[in-house]
Amino acid sequence: METALGRKRAIDQSSCNKDYSCLNGFCPSFVTIYGAEPRKPRGLPVDEAIFTQLPLPTRASLGSASFNVMIAGIGGTGVVTVGAVLGMAAHMEGLAISLFDMTGLSQKNGAVYSHVRIAASPDVIHTQRLGRKDADVLLAFDLVAALAPDCAATLSVGRTRVIANTSIAPTLALQFNRDFAVSPGMLLRELQEKIGHDAISRIDASSLALAILGDTIGANMFVVGVAAQKGLLPISVEAIERAVELNDVAVAFNLRAFRFGRLFAVDPDRVVGLAMSGQPAQAVVSLKTLSEVVTQRVQHLTEYQNAALAERYRTVVEKVRDLEAKVAGGSEALALTVARNYAKLLAYKDEYEVARLLSGPALREEIARTFEDGGRIALNLAPSFFGSRKINGRPRKHEFGPWILGLMQLLARMRSLRGTWLDPFARTRERRMERALIAQYEGLVGNVLATLAPGNYSQALTLLALVDEVRGYGPVKATAVVAYHARVSAAHEEYLRAGAETKASRAVAPTTAVR
């Protein structure tokens, strides 16, 4: 989730399997809600009559061999169910079918494949699994899974047609690299190299399903609807809808998703327009310019502690801005780097800040939007002074009932004690580490202010941006700090070396007398 303070992680309640295995460790979640289910998705109030005028598509031809459909997606999104629905639809039309599902270890978010063969007679189906260059159609519910060897080997230039959902679910790589992001464009280009540009239909099905149906889980049936309406399947839309009804799970929702997919194939602008009309009007803050970032961070630091801290921040950023204007001629890159990172260091999430956020109105409003009424809130906390046993080498969180919210409100009002000799948390290892990070960063900025030149400008950017790698809480943050210290020392030496080389080159530069 992109926010004014950068990219954050959020739980997609519609795809969370609620097994709570995340609690068997240093779970990043502070809040658990008991006794209230997530609010059911509320799609757009659309007149069903818009589907009645859809033209019936021409079915794909079976021919003398089997018609082969490869379905590629991730666990927990209904990939196997879609294969079963298509198989049942073919069966009801008197066709022979073969289904072969590959689920592996994909309880959640792992790759899942469904190999579907449809034929006029079972005699022409000789094997269940699709072979090399065997696929007539690929329903790419997930592009990462679609390009894995199990699926990619079945694709063929001139034969395979693809309906691709361009929304990318986070992969395992995100757990090891917090900044990792898969580019849909890169994956689509790789797919084009395998089967050609014209063989692919691209749809941001997840976003459309969320906007129109209220839930991303409808994306897969949306893609099936597109494929059916484009005449890429050898079964009728009536049979597919009847199979959805026989499946008897979220029938109305899945039928609607399928029909909206058909409508998209005929009139994509209409569907996109409906999706946009359902989005709440929000003020979009780009925070791209230095002025925008500083304004937002000054407000945040004032709320975090007081106006004095905000002014301390503003003074440092303005000094960097003024010097950069002289050295780099109009660039704001260095000042932006300091503006973002210095604010983050100053506003470290300690006990007072966690108390302020958990006891404020924003959390209550988010819970009301996300869950049905009547739930009981509990907070998951690992106070540094508890010294309790660890799980998997990380502090064990303790659950506190709603009574602690009153204590949180009191603690939030005591934030003026932060860092003073009266602060009961100031002497913990973690708080000392965070104050040391601030002092070190201010020292680096001071060094740059005294020595910045065109010759070491790029090194200064690298040096002052490294602290962005310090994120997380507790042992997660401590590990990041160790890695940061190792890198920042090397970067500082490189910065000083570049500055020295610049001075040396100026000292030996030839001069020319001018008359």
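Computed from a prediction, not measured in an experiment: that's the story for all the values here. (Residues numbered from 1 in each chain as written. Predicted model: local features only at pLDDT ≥ 70, side-chain atom pairs only at ≥ 80, totals over all residues. Heavy atoms only, no water.)

**A few points about the sheet that holds strand E13 (residues 398-400)**
Item 1. With respect to topology, three strands assemble into an open sheet ordered E3-E10-E13, the strand pairing being antiparallel. The outermost strands of the open sheet, each flanked by one partner alone, are strand E3 (31-34) and E13. This sheet shows a mean twist of 30 degrees between the axes of neighbouring strands, independent of strand direction.
Item 2. As paired strands, E3 and strand E10 (residues 376-381) are joined by four bridges and run antiparallel to one another. Bridging across to E10, Val-31 finds its partner in Leu-379. (Pairing = 2+ DSSP bridges. Helix = DSSP H or I, 4+ residues; strand = E, 2+ residues; numbered from the N terminus. Axes fitted to C-alpha atoms, helices over the stretch in contact; angles between N-to-C directions.)

**Observations concerning the packing of helix H6 (residues 205-213) against helix H7 (residues 219-229)**
Item 1. Contact geometry of H6 with H7 gives a least axis separation of 8 Å together with a crossing angle of 110 degrees. Overall, the two elements H6 and H7 adopt an arrangement that is roughly perpendicular. The handedness of the crossing between H6 and H7 comes out as right-handed. Of the residues in H7, those touching H6 at Ala-205, Ser-206, Leu-208 and Ala-209 are Ala-219, Phe-222 and Val-223.
Item 2. Tallied by class, the residues present in the contact of H6 with H7 amount to six nonpolar, one polar and no charged. (Parallel < 35°, antiparallel > 145°, perpendicular 65-115°, else oblique. Left-handed = near helix turned anticlockwise from the far one by under 90°. Contact = heavy atoms within 4.5 Å. Nonpolar A, V, L, I, M, F, W, Y, C, P; charged D, E, K, R; others polar.)

**Here we look at the packing of helix H12 (residues 307-328) against helix H13 (residues 333-346)**
Item 1. Put simply, H12 and H13 touch, their axes get as near as 9 Å, and they point 160 degrees apart. Taken as axis vectors, H12 and H13 run roughly antiparallel relative to one another. Relative to H13, the crossing made by H12 is right-handed. On the side of H12, the interface is formed by Leu-309, Arg-312, Tyr-313, Val-316, Val-317, Val-320, Arg-321 and Glu-324, while H13 contributes Ala-333, Leu-334, Ala-335, Val-338, Ala-339, Tyr-342, Ala-343 and Leu-346.
Item 2. In the contact of H12 with H13, the residues fall into 13 nonpolar, no polar and three charged.

**Notes on the layout of surface pockets**
Item 1. Considering only enclosed or pocket space, the second largest pocket measures out at about 310 Å³ in volume.
Item 2. Considering the residues around the second largest pocket, the lining is formed by 14 residues, among which Thr-81, Ile-217, Val-249, Ala-250 and Asn-254 are closest to the centre.
Item 3. At the level of secondary structure, the elements contributing two or more residues to the lining of the second largest pocket comprise helix H1 (79-92), H7, helix H8 (237-247) and helix H9 (251-266).
Item 4. Looking at the lining of the second largest pocket element by element, the count peaks at three residues for H1.
Item 5. Split into classes, the residues belonging to the lining of the second largest pocket amount to eight nonpolar, six polar and no charged. (1 Å grid on protein atoms, 1.4 Å probe; cavity = no way out; pocket = protein on both sides within 12 Å on 5 of 7 lines; lining within 4 Å. Points joined across faces, edges and corners; volume = space filled by probe spheres on them.)

**Observations regarding unusual backbone geometry**
Item 1. Notably, Lys-133 is not glycine yet its phi reads approximately 55 degrees, a positive angle.
Item 2. Here Lys-133 lies in the loop between strand E6 (111-119) and strand E7 (137-140).
Item 3. Its identity is not glycine, yet Ala-250 carries a phi of approximately 45 degrees, on the positive side.
Item 4. Counting through the fold element by element, Ala-250 comes out in the loop between H8 and H9.

**Examining the packing of aromatic side chains**
Item 1. Within the structure shown, the criterion is met by seven aromatic pairs.
Item 2. Three or more aromatic residues joined by ring pairs form one cluster here, namely Tyr-313, Tyr-342 and Tyr-441.
Item 3. Just above the ring of Phe-30 sits the side chain of Lys-397; from NZ or CZ to the centre is 4.5 Å.
Item 4. When the ring centre of Tyr-304 is taken as origin, the NZ or CZ atom of Arg-418, which lies over that ring, is 3.8 Å away. (Phe/Tyr/Trp six-rings, centres within 6.5 Å; stacked < 30°, edge-to-face > 60°. Lys NZ or Arg CZ within 6 Å of the ring centre and 35° of its normal.)

**A word on the environment of Leu-56**
Item 1. Take Leu-56: it is sitting in the loop between E3 and strand E4 (67-74).
Item 2. Along the sequence, Leu-56 and Arg-376 sit 320 residues apart, while their C-alpha atoms lie 50 Å from each other.
Item 3. Excluding anything up to four places from it in sequence, Leu-56 contacts Val-237, Glu-238 and Arg-262.

**What to know about the confidence of the model for the chain**
Item 1. When the pLDDT values of the chain are averaged, the result is 87; 91% of them are 70 or greater.
Item 2. Low pLDDT, under 50, characterises residues 281-285; the stretch is placed with zero contacts to residues that sit more than four places away or in other chains.
Item 3. The low-confidence segment residues 511-515, where pLDDT is below 50, has zero contacts with residues more than four positions distant or belonging to other chains. (pLDDT = per-residue confidence, 0-100.)

**Structural notes on the side chain of Thr-154**
Item 1. Tracing the backbone through its elements, the reader meets Thr-154 in the loop between helix H3 (149-152) and strand E8 (161-165).
Item 2. Residue Thr-154 is classed as buried on the basis of its relative accessible area of 1%.
Item 3. Contact partners of Thr-154, with chain neighbours within four places excluded, come to Met-70, Leu-130, Gly-131, Arg-132, Lys-133, Asp-134, Ala-135 and Thr-160. (Buried < 20%, exposed > 50% of the residue type's maximum accessible area, 1.4 Å probe, protein only.)

**Some points on a nonpolar patch on the surface**
Item 1. Taken together, the side chains of Met-88, Met-92 and Leu-246 present a nonpolar region at the surface, about 230 Å² in accessible area.
Item 2. When you line up the elements, Met-88 lands in helix H1.
Item 3. Met-88 sits in the partly exposed class, given a relative accessible area of 34%. (Patch = residues over 30% accessible without salt bridge, like charges linked within 9 Å, V, L, I, M, F, W, Y side chains within 5 Å. Areas by Shrake-Rupley, 256 points an atom, 1.4 Å probe, with all protein chains shown as cover. Salt bridge = Lys/Arg side-chain N within 4 Å of Asp/Glu carboxyl O.)

**What about a positive patch on the surface?**
Item 1. Residues Lys-390, Arg-427, Arg-429, Arg-432 and Arg-435 make up a contiguous surface patch of positive charge.
Item 2. Top contributing element to the positive patch by residue count: helix H17 (residues 429-451), with three residues.
Item 3. Looking at the element boundaries, Arg-435 is found in helix H17. (Lys, Arg positive; Asp, Glu negative; His and termini not counted. Charge placed at Lys NZ, Arg CZ, Asp CG, Glu CD.)

**Considerations on the pairing of E6**
Item 1. Among the nine residues of E6, eight are classified as buried, and the element is accordingly described as predominantly covered.
Item 2. Across eight bridges, the pairing between E4 and E6 is antiparallel. For Asn-68, the partnering residue across the bridge sits in E6 and is Arg-117.

**Section: the pattern of salt bridges**
Item 1. Within this structure, the stated rule accounts for 24 salt bridges.
Item 2. With its nearest N and O atoms 3.9 Å apart, the salt bridge here joins Arg-159 to Asp-134. Residue Arg-159 is found in the loop between H3 and E8, and its partner Asp-134 is found in the loop between E6 and E7; the two are separated by 25 residues along the sequence.
Item 3. Between Asp-136 and Arg-159 there is a salt bridge, with its nearest N and O atoms 2.9 Å apart. Residue Asp-136 is located in the loop between E6 and E7, and its partner Arg-159 is located in the loop between H3 and E8; the two are separated by 23 residues in the primary sequence.
Item 4. Among the charged side chains, a salt-bridge network with shared partners connects Glu-351, Glu-430, Arg-431, Glu-434 and Lys-477.

**Considering the side chain of Glu-351**
Item 1. Position of Glu-351 among the secondary structure elements: in helix H14 (residues 351-359).
Item 2. Polar contacts involving the side chain of Glu-351 include one to the side chain of Arg-431, which spans 3.0 Å. (Polar contact = N/O pair within 3.5 Å; in protein donor to acceptor, adjacent residues only side chain to side chain.)

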